[in-house]
Amino acid sequence: MRGVVQRVASASVTVGEKEVGKVGKGMCVLVGISNASTKGQIPWMVKKLLSLRIFEDENGKSWAKNVTDIEGEIMLVSQFTLCHVLKGAKPDFHNAMPGSGSEPFFDELVKSLRAAYKSDRVQTGSFGAHMQVHIQNDGPVTLVLDAPEIAEKPNKQQKPQKKKVEKPAEAEKEEEKEAATTTTPEAEEKVVKDAN
């Protein structure tokens, strides 16, 4: 998963003539979800977005505060073109996760960010729509975040089952033969008594 973070004075998204999202001072994040993205990367991205120190403090010191410190707003916009590769001059997007998988993935990212911050301060565009994204980049400041490979945590309720190792038929026959010829101490004592 890739996030292109821009520090903004404001940002808004319109679809057709309708404005579907708008934020003031804060950040606008363009999100690319690739076939290699996993939901295990979502907590990492949420933590990184909320902790990035890209804002000034009250004394004008740069790179001193994060978006939560200034109670800023966040605009999230899904953008599959971030997962491109170039074939000559033409971009190819086969690395982008199809909409059937990336839409619920993006929705979970939005939900997690709202839960970790303030729901009313996180806005989005319209997934899959042709959008006009208006960004007033402040600086300009633009950072690229590439989430590391993080596997999804397994469900704790589902314990991994031990794989049963099957023995070759020859080994089973050998064990049965050995068991048939093996005598116990009691059996040996009985044989001695019978012989006397």
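Data block above holds the structure.
A brief report on the enclosed structure follows. All values derive from a computational prediction rather than experimental measurement.

Cut-offs used in this document
Residues numbered from 1 in each chain as written. Predicted model: local features only at pLDDT ≥ 70, side-chain atom pairs only at ≥ 80, totals over all residues. Heavy atoms only, no water. Helix = DSSP H or I, 4+ residues; strand = E, 2+ residues; numbered from the N terminus. Buried < 20%, exposed > 50% of the residue type's maximum accessible area, 1.4 Å probe, protein only. Lys, Arg positive; Asp, Glu negative; His and termini not counted. Salt bridge = Lys/Arg side-chain N within 4 Å of Asp/Glu carboxyl O. Polar contact = N/O pair within 3.5 Å; in protein donor to acceptor, adjacent residues only side chain to side chain. Arc of directions from axis to C-beta. Contact = heavy atoms within 4.5 Å. Core = buried A, V, L, I, M, F, W, Y, C linked by side-chain atoms within 4.5 Å.

The next subject is the side chain of D57. Examined against the element boundaries, D57 turns out to sit in the loop between α1 (42-51) and β4 (73-78). No salt bridge is formed by the buried D57. Its closest oppositely charged neighbour is K61, at 5.7 Å. Here N59 takes part through its backbone nitrogen, which lies 2.9 Å from a polar atom of the side chain of D57.

On to the pattern of salt bridges. Scanning the model with the defined rule gives six salt bridges in all. Of the charged contacts in the structure, one is a salt bridge between D138 and R7, with a shortest N-O distance of 3.7 Å. Here R7 lies in strand β1 (residues 2-15) and D138 lies in strand β8 (residues 132-146), a separation of 131 residues in the sequence. Residue D92 pairs with K87 through a salt bridge whose shortest N-O separation is 3.7 Å.

Here the focus is α1. Regarding α1, the residues found buried are I42, M45, V46, L49 and L50. Along α1, the residues classed as buried sweep out an arc of 120° about the axis, all on the same side. Turned more than 90 degrees away from the buried face of α1 sit P43 and K47, all of them exposed. Looking at the buried positions of α1, the neighbouring elements they touch are β1, β3 (26-32), β4, α2 (99-116) and β8.

A word on the nonpolar core. In terms of nonpolar packing, the biggest core is built from 27 residues, with M27, L49, I74 and L76 touching the most fellow members. Within the residue set of this core, elements represented by two or more residues are β3, α1, β4 and α2. Apart from the residues lying within four places of it in its own chain, the contact partners of L49 are V5, M27, V29, V67, L76, L113 and L145. V23, L30, M75 and L82 belong to the second largest nonpolar core, which has 11 residues in total.

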